[in-house]
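Each chain, letter by letter, is given below.
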Amino acid sequence: MTLSSVWNTVYPILIAILFFELIIIIHEAGHFVAARLMKIKVNEFSIGMGPKIFSVKKGETAYSLRWIPIGGYCAMEGEDEASDKEGSFSSKKVGARIFVVVAGALMNLILGLVIVLIIVCSQNLVGTTTVAKFEDNAVSAKSGLMAGDEIKSMDGMRVFTSTDVFTGLSRSDDGTVEMTVKRNGETVRLDVSFETQDFEGMQMIDMDFFILGKEKNFFNVLSSTFSNFISYTRMVFLSVHDIIVGKYGISDLSGPIGAVSVVSDAVKTSASSMLRIMALLTINVGLFNLFPIPALDGWRFFLLLAEGVTKKKLPPKWEYIINAVGLVLLLGLMFVVTFSDITKLF
């Protein structure tokens, strides 16, 4: 094996790992900046986990770099226990604590928005939901879909962006999509068939038509950025829905190892594929952290909202127990998913 082939294998994995660390740094930086704005003491801001490589103290905060390159944290005074010290998290008003808790997830969502903006700006044209033309012998054209049709919905899902079109096609189970299109000012309903191909045990639609693009200007770039960001957000909620209803099982989930594999494969494919996966991942992390699941920011956000309404705190003992149980369950799920990722690799 040549040095060049080794590098071609290693560099996509390095990019994937660095991107995951960027997601975590951005998240923890959100907590850090919000804490400083609310005059909360931060004891340590760490990049990485495990043993320290080095640490520098500036003011009241120790800034650390640690050996394990996936992870990090922002340790605030009085974050996990009551503290009478000045500038402790627990001494601040509910509104200030809510701001600090949600700031990490908001920074992930902002990062996702920035990546989507980069994707839109890097394209030659701004995508629409209108069919431009078909590949030769396209099955969808034989099913009644026509050039000029503006796709309005797919299997009951409203369509607003080209991203929604790709999402709608990816969610089909049998190669047939019920579409509502706007044609010459009239609404037309179609059952559109497609050829499918096997992808890791799942039947995926082979998209045989092209989407019409528009010339870019400031306004449609801005509009497309926000609308596609919403489309990526909806993809996350649709995925959660599919897991809840049993469309996908545990074996279909991916942990850090699987996600690194997906990102590294996208790096090898193209810059646009890499950016799309990165946008989806950081938006996923931001939203998932806001879900009211014990041990996540969303659970603390839920407790703070309850405290703000009832003016009562959950007893620290019960908060600790609930968070501990939630953490154990999350770590158990992570272990199962990671084991599944490893078996897929081999």
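Placed above this text is the structure.
A few points on the structure. (Residues numbered from 1 in each chain as written. Predicted model: local features only at pLDDT ≥ 70, side-chain atom pairs only at ≥ 80, totals over all residues. Heavy atoms only, no water.)

## Concerning the side chain of Ser64
Part 1 of the reasoning: Mapped onto the elements, Ser64 comes out in strand β2 (residues 61–76).
Part 2 of the reasoning: Non-local contacts of Ser64, meaning those with residues more than four positions away in its chain, are made with Glu44, Phe45, Ser46, Ile47, Lys52, Phe54 and Ser55. (Helix = DSSP H or I, 4+ residues; strand = E, 2+ residues; numbered from the N terminus. Contact = heavy atoms within 4.5 Å.)

## Observations regarding the pattern of salt bridges
Part 1 of the reasoning: If you walk through the whole model with that rule in mind, you get seven salt bridges.
Part 2 of the reasoning: Of the charged contacts, one joins Glu44 and Arg66 as a salt bridge, the two residues approaching to 2.7 Å between their closest N and O atoms. Placement of the pair is Glu44 in strand β1 (residues 42–58) and Arg66 in strand β2, with a sequence separation of 22 residues.
Part 3 of the reasoning: Since its relative accessible area comes to 12%, Arg66 is described here as buried. (Salt bridge = Lys/Arg side-chain N within 4 Å of Asp/Glu carboxyl O. Buried < 20%, exposed > 50% of the residue type's maximum accessible area, 1.4 Å probe, protein only.)

## Concerning the nonpolar core
Part 1 of the reasoning: With 28 residues, the main nonpolar core has Phe20, Ile115, Val263 and Ile283 as its most contacted residues.
Part 2 of the reasoning: Among the elements of the structure, α1 (3–37), α2 (94–122), α5 (218–244), α6 (256–269) and α7 (271–288) are those that each provide at least two residues to this core.
Part 3 of the reasoning: Per element, the largest residue contribution to this core is seven residues, and it comes from α7.
Part 4 of the reasoning: Those residues in contact with Phe20 that sit more than four places away from it in its chain are Pro256, Ala259, Val260, Val263 and Leu281.
Part 5 of the reasoning: One finds Ile151, Met157, Val177 and Met179 within the second-largest nonpolar core, a separate group that totals 17 residues. (Core = buried A, V, L, I, M, F, W, Y, C linked by side-chain atoms within 4.5 Å.)

## Digging into a nonpolar patch on the surface
Part 1 of the reasoning: Together, Met49, Ile53, Phe54, Val56, Trp67 and Ile68 give the surface a local cluster of nonpolar side chains, amounting to about 590 Å² of exposed area.
Part 2 of the reasoning: A per-element tally of the nonpolar patch places β1 first, with four residues.
Part 3 of the reasoning: Looking at the secondary structure, you find Val56 in strand β1.
Part 4 of the reasoning: Judged by relative accessible area, Val56 falls into the partly exposed class, the value being 47%. (Patch = residues over 30% accessible without salt bridge, like charges linked within 9 Å, V, L, I, M, F, W, Y side chains within 5 Å. Areas by Shrake-Rupley, 256 points an atom, 1.4 Å probe, with all protein chains shown as cover.)

## Some details on the packing of α2 against α7
Part 1 of the reasoning: Two numbers describe how α2 lies on α7: the axes approach to 8 Å, and their chain directions differ by 160°. Taken together, the axes of α2 and α7 are roughly antiparallel relative to one another. Two packed elements cross with a definite hand, and for α2 against α7 that hand is left-handed. Residues Ala105, Asn108, Leu109, Leu111, Gly112, Ile115, Val116, Ile118 and Ile119 of α2 lie in contact with α7, whose contacting residues are Leu275, Arg276, Met278, Ala279, Thr282, Ile283, Val285, Gly286 and Leu287.
Part 2 of the reasoning: In terms of residue class, the contact of α2 with α7 is built from 13 nonpolar, four polar and one charged. (Axes fitted to C-alpha atoms, helices over the stretch in contact; angles between N-to-C directions. Parallel < 35°, antiparallel > 145°, perpendicular 65-115°, else oblique. Left-handed = near helix turned anticlockwise from the far one by under 90°. Nonpolar A, V, L, I, M, F, W, Y, C, P; charged D, E, K, R; others polar.)

## So, the side chain of Asp208
Part 1 of the reasoning: Note on placement: Asp208 falls in the loop between β9 (202–205) and β10 (209–215).
Part 2 of the reasoning: Look at Asp208: it is buried, it has no salt bridge, and the nearest opposite charge is Lys142 at 8.5 Å.
Part 3 of the reasoning: Of note is the side chain of Asp208, whose polar atom sits 2.5 Å from the side chain of Ser140.
Part 4 of the reasoning: Among all residues touching Asp208, those that are not within four sequence positions of it are Phe134, Glu135, Ala138, Val139, Ser140 and Phe194. (Lys, Arg positive; Asp, Glu negative; His and termini not counted. Polar contact = N/O pair within 3.5 Å; in protein donor to acceptor, adjacent residues only side chain to side chain.)

## Concerning the packing of α6 against α7
Part 1 of the reasoning: Following both chains from N to C, one finds α6 and α7 inclined at 150°, their axes separated by 7 Å at the closest point. As summarised for this structure, α6 and α7 are arranged roughly antiparallel, according to the angle between their axes. Residue-level inspection shows Val262, Val263, Ala266, Val267 and Thr269 of α6 in contact with α7, the latter providing Ser273, Met274, Ile277, Met278 and Leu281.

## So, the packing of aromatic side chains
Pairs of aromatic rings are described using the distance from one ring centre to the other and the angle between the two planes.
Part 1 of the reasoning: A full pass over the atoms with the stated rule returns nine aromatic pairs.
Part 2 of the reasoning: Between Phe32 and Tyr63, the aromatic rings sit 6.0 Å apart at their centres with planes inclined by 70°, giving edge-to-face as the arrangement. Of this pair, Phe32 sits in helix α1 while Tyr63 sits in strand β2, and the two are 31 residues apart along the sequence.
Part 3 of the reasoning: Measuring from ring centre to ring centre gives 5.8 Å for Phe288 and Phe291, while their planes differ by 70°; the resulting arrangement is edge-to-face.
Part 4 of the reasoning: Take Phe288: its relative accessible area is 34%, and that puts it in the partly exposed class.
Part 5 of the reasoning: Taken together, the ring pairs connect Phe32, Phe45 and Tyr63 into an aromatic cluster.
Part 6 of the reasoning: Over the face of the ring belonging to Phe210 we find Lys133, whose NZ or CZ atom lies 5.5 Å from the ring centre. (Phe/Tyr/Trp six-rings, centres within 6.5 Å; stacked < 30°, edge-to-face > 60°. Lys NZ or Arg CZ within 6 Å of the ring centre and 35° of its normal.)

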